[in-house]
Amino acid sequence: MTMNGTTALDGKVALVTGGSRGIGAATALRLAEDGADVVVTYQGGAEAAEEVAAKITAMGRTGWALRADSADPQAVRDAVTAVAERFGRLDILVNNAGVGVLGPIGELTDADADRVLEVNVRAPFLFAQAASAHLAEGGRIVTIGSCIAKRVAFPGATLYATSKAALIGLTKALARELGPRGITANLVHPGPIDTDMNPAGGPSADFQRELTALGRFGAGAEVAAAVAYLVGEDGRYVTGAELAVDGGFAA
Ligand code: NDP
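This one's a predicted model, so the numbers in the text were calculated from it and none came from an experiment. (Residues numbered from 1 in each chain as written. Predicted model: local features only at pLDDT ≥ 70, side-chain atom pairs only at ≥ 80, totals over all residues. Heavy atoms only, no water.)

### Quick notes on the packing of helix H1 (residues 22-33) against helix H7 (residues 220-231)
Here is step 1 of the chain: Remark: H1 packs on H7, axes separated minimally by 8 Å, with the N-to-C direction vectors making an angle of 50°. The angle between H1 and H7 places the two elements in the oblique class. Of the two possible hands of crossing, H1 and H7 adopt the one that is right-handed. Residues Ile23, Ala26, Thr27, Arg30 and Leu31 of H1 form the contact with H7, whose participating residues are Gly220, Ala221, Val223, Ala224, Ala225, Val227, Ala228 and Val231. (Axes fitted to C-alpha atoms, helices over the stretch in contact; angles between N-to-C directions. Helix = DSSP H or I, 4+ residues; strand = E, 2+ residues; numbered from the N terminus. Parallel < 35°, antiparallel > 145°, perpendicular 65-115°, else oblique. Left-handed = near helix turned anticlockwise from the far one by under 90°. Contact = heavy atoms within 4.5 Å.)

Put into structure tokens, the structure is as follows:
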């Protein structure tokens, strides 16, 4: 908050995919705290998504929960169109929605492969494609990758690691393609973050703690802070970059 009461993202409109829970919800709330109106997408968690939207509205911004299954290309396109129609602009896209399907390679099915690649890879591409028609100079795309994209520290991650590593190429290509329009694209790699997907009390939690330098799980808000930096004015010269928020998992 500045001295005259405005905040860094005042007047901006952000779309956070998978904003009903976990890292996405924390990011949506942080961007609203920084001044943005925020739309969150979700697939099944309508109630949780509405709660996030209500919290944003209670902060004096506009919050909107929009059902859009990332696995459905038309739903993705419709979501972006709906945001542009309602607000007349789109400034920030956070590609966060993701699924974690782990298991021995011999047990992973075609349906698993489709699901992980559709939600974790195709959707970020489609959201970026649709958003690029609306983003203006100063626009921002941040995608949530994973520390697993850089260091696959345990077995069972063939699909998940493939999907997250693909986002490195997507981010660099977006940076090159949209840079001339003054739009940045970056990738944030969270380490173990305490969410429904990866609870700090889960069966592999202690093992994951040991893989970090700091010896602990992170919080969604700690990832959200990195996103806030990248989408804010201070992040304007950062593009095509990967930022690890992983407690030293990759160190
Ligand atoms: P959660 O499982 O806690 O939340 C996932 C969010 O994504 C929910 O809002 C969920 O919506 C949404 N979502 C899932 N599938 C779809 C879909 N098909 N369409 C639309 N929305 C969907 O996950 P996290 O917060 O932990 O993870 C967020 C991102 O961070 C993911 O990309 C994940 O891979 C990444 N990540 C997480 C780490 C961790 O340790 N937690 C570590 C590294 C990366 P709904 O409520 O409707 O199901």
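What follows picks up the thread again.
### What to know about the packing of helix H4 (residues 110-132) against helix H5 (residues 158-178)
Here is step 1 of the chain: H5 packs onto H4 with a crossing angle of 15° between their chain directions and a minimal axis gap of 9 Å. Comparing the axis directions of H4 and H5 gives the class roughly parallel. In this structure, the crossing between H4 and H5 has a hand that is right-handed. Residues Asp112, Ala113, Val116, Leu117, Asn120, Val121, Pro124, Phe125, Ala128 and Ser132 of H4 pack against Leu159, Tyr160, Ser163, Lys164, Ala166, Leu167, Leu170, Leu174 and Leu178 of H5.
Here is step 2 of the chain: In the contact of H4 with H5, the residues fall into 14 nonpolar, 3 polar and 2 charged. (Nonpolar A, V, L, I, M, F, W, Y, C, P; charged D, E, K, R; others polar.)

### Regarding the pairing of strand E6 (residues 184-190)
Here is step 1 of the chain: Of all 7 residues in E6, 7 are buried, a share of seventy percent or more.
Here is step 2 of the chain: Bridge count for strand E5 (residues 140-144) against E6 is 5 bridges, and the pairing is parallel. For Thr143, the partnering residue across the bridge sits in E6 and is Leu187.
Here is step 3 of the chain: Taken together, E5, H5 and E6 form a β-α-β motif whose crossover is right-handed. (Buried < 20%, exposed > 50% of the residue type's maximum accessible area, 1.4 Å probe, protein only. Pairing = 2+ DSSP bridges. Right-handed = clockwise from strand over helix to strand, strands pointing away.)

Fair warning: the whole summary comes from geometry, so function is off the table for now.
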